[in-house]
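Per-entry structural report
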Amino acid sequence: MEEFTYPRFDCETTTGVYNPIIERNSFTDRYFWSGHANPGSVWTLFVAYPTLVLGIYRRDRLLLTGTFLFVAVNPLLFSPPADDEAWTTRVVLGEQVWLEQGLRSSLTNLVFMTLAAPIHLYNLRAAAKRSPVRTVLSTAISMVLILVFFEQMARLYEHREQ
């Protein structure tokens, strides 16, 4: 059996910088981060959030179980990206940089997460209470906040050397 290797980003990067985070060879890098960096993984997980909210709203155990199982195996379903050309790949690489530096390393990201968390919790509570207007509106706001967070992570990756 051939040894698993991560894609080398030193040849085909938008930033032109080798990414040592992808080169690490830990269990989480191999089975989580490498597949999760694939755009297909990111976008299907993005869609899983409203599916989770719907499952809570409808109290649908099958939908909830299926969503949780899909989220758990999602990174295993996708191969590592060949390069960091895709925006969503840079999002995941930015998440890795952020975690590597420590969650408190960026005051902007920490403040954003602190302010966004109650909105996500409100969204889940609205779904649990079966409040249709509040659930739809807070889901839409949560999805926008997720995209804003994605953009922050992509920028963090692109500017990590500066």
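All of the points below concern the structure found in this document. All chains use their own residue numbering, which begins from 1 and follows the written sequence. Local features in this predicted model are restricted to residues whose pLDDT is 70 or higher, and side-chain atom pairs enter the listing and the counts only when it is 80 or higher, whereas totals over whole chains, interfaces and linings include all residues. Calculation of side-chain values draws on the structure's entire complement of heavy atoms; hydrogens and water are dropped beforehand.

So, unusual backbone geometry
Put simply, the rule reads: Note on conventions: DSSP H or I runs of at least 4 residues are helices, E runs of at least 2 residues are strands, and numbering of each starts at the N terminus. Here the term buried applies to any residue with accessible area under 20% of the maximum for its type, exposed to any over 50%, and partly exposed to those in between, with areas from a 1.4 Å probe on protein chains only.
Here Arg-59, not a glycine, exhibits a phi torsion of approximately 55 degrees, which is positive. Structurally, the position occupied by Arg-59 is in the loop between α3 (39–58) and α4 (61–77). Residue class for Arg-59 comes out partly exposed when judged on its relative accessible area of 47%. Its identity is not glycine, yet Arg-130 carries a phi of approximately 60 degrees, on the positive side. Assignment of secondary structure puts Arg-130 in the loop between α6 (107–128) and α7 (132–158). Exposure remark for Arg-130: the relative accessible area of 40% places this residue in the partly exposed category.

Section: the packing of α3 against α7
Filter applied, for reference: Note on geometry: axes are lines fitted to C-alpha atoms, helical ones only across the stretch in contact, with angles between N-to-C directions running from 0 to 180 degrees. Any angle that is under 35 degrees is reported as roughly parallel, and any over 145 degrees as roughly antiparallel; angles of 65 to 115 degrees are reported as roughly perpendicular and all others as oblique. By convention, the crossing between two helices is left-handed when the near helix turns anticlockwise from the far helix through less than a right angle, and right-handed when the turn is clockwise. We call two residues in contact when some of their heavy atoms are within 4.5 Å. Note on residue categories: nonpolar means Ala, Val, Leu, Ile, Met, Phe, Trp, Tyr, Cys or Pro, charged means Asp, Glu, Lys or Arg, and polar means any other residue, Gly included.
As a packed pair, α3 and α7 sit with axes 11 Å apart at the nearest point and diverge in direction by 160 degrees. Taken together, α3 and α7 sit at an angle that is classed as roughly antiparallel. Judged by the twist between their axes, the crossing of α3 over α7 is right-handed. Where α3 approaches α7, its residues Val-42, Trp-43, Phe-46, Tyr-49, Pro-50, Val-53 and Tyr-57 are matched on the opposing element by Pro-132, Thr-135, Thr-139, Ser-142, Met-143, Ile-146, Leu-147 and Phe-150. Split by residue class, the contact of α3 with α7 holds 12 nonpolar, 3 polar and no charged.

Notes on the nonpolar core
Our working definition: The set of buried Ala, Val, Leu, Ile, Met, Phe, Trp, Tyr and Cys residues whose side-chain atoms join them within 4.5 Å is what this entry labels a nonpolar core.
One finds Ile-146, Phe-149, Phe-150 and Met-153 to be the most contacted residues of the largest nonpolar core, which totals 23 residues. Looking at this core, the elements with two or more residues in it are α3, α5 (87–101), α6 and α7. Broken down by element, the residue count for this core peaks at 9 residues, all from α7. Ignoring any residue separated from it by four or fewer positions in sequence, one finds Phe-150 in contact with Val-42, Phe-46, Trp-87 and Val-91.

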